[in-house]
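Each chain, letter by letter, is given below.
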Amino acid sequence: MRHSFEAEQWLPYPVEVVFAFFANPENLPRLMPAWQKTRIEEASFAPPPPRPAAADPSHRIRSIAAGPGTRITLSFRPFPFSPLRIPWEAEIAEFLWNDHFCDTQLRGPFAYWRHCHRVHPETRATQLGEPVTGTLLRDQVEYEMHLGALGELAHRLFAERQIRKIFAFRQQRTAELLPLMRAPRSLLSSTEY
């Protein structure tokens, strides 16, 4: 059975900054809970399309970006203190600068997984009524469990809740890490993940 999950987060940063942060695969382990000990095991990069000129040059971020066809294999612990690591191989299937990119699982814990990261500018008002231009980040996930009826039982008992918790954690970490995007590289050292 196919399931879907959506999450939204407004961030007080330009679209170019938010998109560059998520398009850089180095940030993925930093967005996962520390107990999972997520690491990139292997990566085969395909270049993204040419980067559009930023409307405001101060919004241009220098970072790597995983273009369509990029394959990344992660491994992580499925639960705290697990001696086992689960591999997860994904491929970037779609990529449009400062709009969206989608990854699909090739091998991993789900029978099917497609995750689209979409960004668009959105202005919100402060408590004083002053406008603040930022970015609305929308995560859209479609997934299926392995093992048929047994997988559906696992979905109801814990997998759905774990997905929600991981995305809530990602939102918290995104809010912590985005201010560091323009910080010296040493502030984003491996101690962050």
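Below: a short report on this structure. (Residues numbered from 1 in each chain as written. Predicted model: local features only at pLDDT ≥ 70, side-chain atom pairs only at ≥ 80, totals over all residues. Heavy atoms only, no water.)

### Some details on the packing of aromatic side chains
Applying the stated criterion across every chain, the model contains 13 aromatic pairs. Ring centres of W88 and F110 lie 5.7 Å apart, and the angle between their planes is 55°; this geometry places the pair in the tilted category. Taken together, the residues W88 in strand 4 (residues 86–96) and F110 in strand 6 (residues 110–125) connect sequence positions 22 residues apart. Exposure remark for F110: the relative accessible area of 10% places this residue in the buried category. Plain terms: the ring middles of W88 and W113 are 5.1 Å apart, the flat faces sit at 85° to each other, and that makes the pair edge-to-face. Placement of W88 in strand 4 and of W113 in strand 6 is noted, with a sequence separation of 25 residues between them. Classification of W88 by relative accessible area gives buried; the value is 16%. By relative accessible area, which is 7% here, W113 ends up buried. Three or more aromatic residues joined by ring pairs make a cluster, and in this case those are F76, W88, F110, W113 and Y143. The positively charged end of R2 is found above the aromatic ring belonging to Y112, 3.7 Å away from the centroid. (Phe/Tyr/Trp six-rings, centres within 6.5 Å; stacked < 30°, edge-to-face > 60°. Helix = DSSP H or I, 4+ residues; strand = E, 2+ residues; numbered from the N terminus. Buried < 20%, exposed > 50% of the residue type's maximum accessible area, 1.4 Å probe, protein only. Lys NZ or Arg CZ within 6 Å of the ring centre and 35° of its normal.)

### Details of the side chain of T104
As for its position among the elements, T104 is in strand 5 (residues 100–107). Discounting chain neighbours no more than four positions away, the residues touching T104 are E89, A90, E91, A93, W113 and R114. (Contact = heavy atoms within 4.5 Å.)

### Some thoughts on the nonpolar core
Core analysis: the largest hydrophobic core is formed by 20 residues, its most contacted members being F19, F21, F22, F95, F101 and L178. Of all the secondary structure elements, the ones that give two or more residues to this core are helix 1 (15–23) and strand 4. Looking at this core element by element, the count peaks at 7 residues for helix 1. Setting aside residues no more than four positions away along its own chain, F21 makes contact with N27, L31, T174, L177, L178 and M181. Ranked by size, the runner-up nonpolar core spans 13 residues in total, among them A90, F110, W113 and A159. (Core = buried A, V, L, I, M, F, W, Y, C linked by side-chain atoms within 4.5 Å.)

### Topic: the state of the cysteines
Covalently bonding the sulfur atom of one cysteine to the sulfur atom of another cysteine gives a disulfide. Per the stated rule, a full pass over the model turns up 1 disulfide. Paired through a disulfide, C102 and C116 show a sulfur-sulfur distance of 2.2 Å. What sets the handedness of the C102 and C116 disulfide is the S-S torsion sign, and at about 110° it is right-handed. Taken together, the residues C102 in strand 5 and C116 in strand 6 connect sequence positions 14 residues apart. C102 gets classed as buried once you look at its relative accessible area, which sits at 0%. Overall, the relative accessible area of 6% leaves C116 in the buried class. (Disulfide = S-S within 2.5 Å.)

### Some points on the sheet that holds strand 1 (residues 2–11)
If you walk across this open sheet you meet the 7 strands as 1-7-6-5-4-3-2, and the pairing is antiparallel. Since the sheet does not close on itself, it has two edges, and those belong to strand 1 and strand 2 (39–44), each with one partner. Strand-to-strand twist in this sheet, taken as the mean axis angle between neighbours without regard to direction, amounts to 20°. Direction of pairing for strand 5 relative to strand 6: antiparallel, over a ladder of 5 bridges. Note that in strand 6 the partner of H100 across the bridge is R118. Together, strand 1, strand 4, strand 5, strand 6 and strand 7 (131–145) form the strand contacts of helix 1, whose direction differs from that of strand 6 by roughly 160°. (Pairing = 2+ DSSP bridges. Axes fitted to C-alpha atoms, helices over the stretch in contact; angles between N-to-C directions.)

### Focus on the pattern of salt bridges
Under the defined criterion, the tally for this structure stands at 11 salt bridges. Linking E8 and R138 is a salt bridge whose minimum nitrogen-to-oxygen distance equals 2.4 Å. Here E8, found in strand 1, pairs with R138, found in strand 7; they are 130 residues apart in sequence, far enough to count as distant. Note that E160 is salt-bridged to R164, the shortest N-O span being 3.5 Å. With a gap of 4 residues between them, E160 and R164 both fall in helix 2 (residues 148–177), about one helical turn apart. (Salt bridge = Lys/Arg side-chain N within 4 Å of Asp/Glu carboxyl O.)

Note that all results are geometric; they support no functional claim without further evidence.
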